[in-house]
Each structure stands twice: as structure tokens, then as C-alpha cells.
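Here's the letter readout for the chains.
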Amino acid sequence: MNQEQLKQAVARAAIDYITPKLTPDSIIGIGTGSTANFFIDDLAAHKKQFKAAVASSDASEERLKAHGITVIDLNDAPKLALYIDGADETNAHLELIKGGGAALTREKIVAAAATEFICIADASKQVETLGNFPLPVEVIPMARAYVARELQALGGTPIYREGVITDNGGHILDVHDLAITQPIELETQINHITGVITNGLFAKRSADVLLLGTEQGVTVHSKGKT
């Protein structure tokens, strides 16, 4: 199977995983990106099994609404049972790099609000050490140059993602040349830089379950287990 077929397979597996957990009162969080898009398309057939969705980006909200799925603001959601989203990288501890689609801040908020975070990804996203994929950092626009200097001091090579404005009005710095051996510590360190909105390390709030699309089929990985 090619990469697109693997994404489709893991999206279908995610539907099979979550549908037994849905109730008429369930509100679920939905991520952003190509794998999440396949999931949204498959979710449409099950829209009567849950109450509403919370989207992590304007693009996902539009796609959900196009399928007739009710979308509500997170502030109006008393509880999120599930959050389903993709990743740009994942390690064995289900710590992730996200933000290739520039939706990292809202993705991190929705993930934090969910009881269970289900990551869906193809096998190319699984790595031993995070950092081959450049780490996205969302910044306040006026702080971009200052934050870039601070990231250089941490050993990274930040590149401004020109022409990209996030749904929050932020800019993105993609940080290359990081071998991220201590994701939680680095996530905290970067977030403490003045002017940073957040960074794309999902380590403090990692995934609870990883559904990984491989040539041999979709494998299920739980936190602390492989």
C-alpha cells in the first residue's frame, strides 16, 4: 500500500475503535491534516451516534460541517470523551511532533481537554528519536526574531514558514537540527520563551493510544506498551 492507502486504513481503524465508545451525548475532538481528513470523511456515516464535534482548526470545522456534523466551540463542551488526530512524528512513548498543518495550538488545547487522545498515523511517522521532522513553534508575530535567536541558543536552526498565518494570527518557526531525547523537558523549555504561543511537542500530554498503519495492517499501541 502507498502512504495514502495507509492513511485511509488507519482512519477506518479509528472509526472501528471509537464507535463502541460513542453515546448520544458524546462530544469528540477532531484534529487537522490529511489523515484526520480521511477520518472525518469516514465519520460522516456515524454522525447520529454522537452529539457534536470540536474542531482543532477552521479547515477541519468546514469539513465536518460539509458532512452535516454539528460543530461546537470547546467553551460550550462540558467534556470531551475522545480526541482523534494525526501526527508528524511519534516515538515509542507516544510522544509526538505535530504542527505541520500549523494548527498545533488548537490541537494541543483540544488534546488537553479530552479524556482519551487517539493518534492515527502511518508507519512513516514512527521514529526512535523525535526531531527529524522540524519542530513547529507558533509565535506572536512581533517576537519572531527574538524567539528565533533563543531557539538557536538551544541548538536548533529555526526557519520562518513564510506566508503562513495560523488560525490564531501567529507565525510559525520550523526548528531543524534538534535531536529530541527529552521531549517533556524541551517542550517546557521552549514554551517558557517569551513570545512563544506553544510548540509542536506533545509530550506532557502525549497520545493514550496510537493506531499505526503498516503494510501488515493497523497495529494498536497503548501508552507504556508496544
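In this report, we go over the structure that sits alongside the text. (Residues numbered from 1 in each chain as written. Predicted model: local features only at pLDDT ≥ 70, side-chain atom pairs only at ≥ 80, totals over all residues. Heavy atoms only, no water.)

**Comments concerning the overall build of the protein chain**
Reasoning step 1: Regarding its fold elements, the protein chain presents six helices and 13 strands.
Reasoning step 2: Dimensions of the protein chain along its principal axes, counting C-alpha atoms only, are 50 × 40 × 30 Å.
Reasoning step 3: With 226 residues in all, the protein chain has 52% of them scored as buried.
Reasoning step 4: Summarising the internal contacts of the protein chain: among those between residues at least 6 apart in sequence, 73% fall at separations of at least 24.
Reasoning step 5: When the accessible surface of the protein chain is split by element, carbon and sulfur atoms take 49% of a total near 10,200 Å².
Reasoning step 6: Treating the 20 positive side-chain charges of the protein chain as one cloud and the 28 negative ones as another, the clouds have centres 5 Å apart. (Helix = DSSP H or I, 4+ residues; strand = E, 2+ residues; numbered from the N terminus. Buried < 20%, exposed > 50% of the residue type's maximum accessible area, 1.4 Å probe, protein only. Contact = heavy atoms within 4.5 Å. Areas by Shrake-Rupley, 256 points an atom, 1.4 Å probe, with all protein chains shown as cover. Lys, Arg positive; Asp, Glu negative; His and termini not counted. Charge placed at Lys NZ, Arg CZ, Asp CG, Glu CD.)

**Things to note about the environment of D42**
Reasoning step 1: Looking at where D42 falls in the secondary structure, it is placed in helix α2 (residues 34-43).
Reasoning step 2: Not counting residues within four places of it along the chain, the set of residues in contact with D42 comprises Q8, A11, R12 and I15.

**Observations regarding the sheet that holds strand β4 (residues 89-90)**
Reasoning step 1: Here three strands make up an open sheet; going across it, the order is β4-β5-β11 and the pairing antiparallel. Edge strands, defined here as strands with exactly one partner in the open sheet, are β4 and β11 (201-202).
Reasoning step 2: Taken together, the two bridges between β4 and strand β5 (residues 96-97) define a ladder with antiparallel strand orientation. Residue T90 lies in a different strand from β5, and its bridge partner there is L96. (Pairing = 2+ DSSP bridges.)

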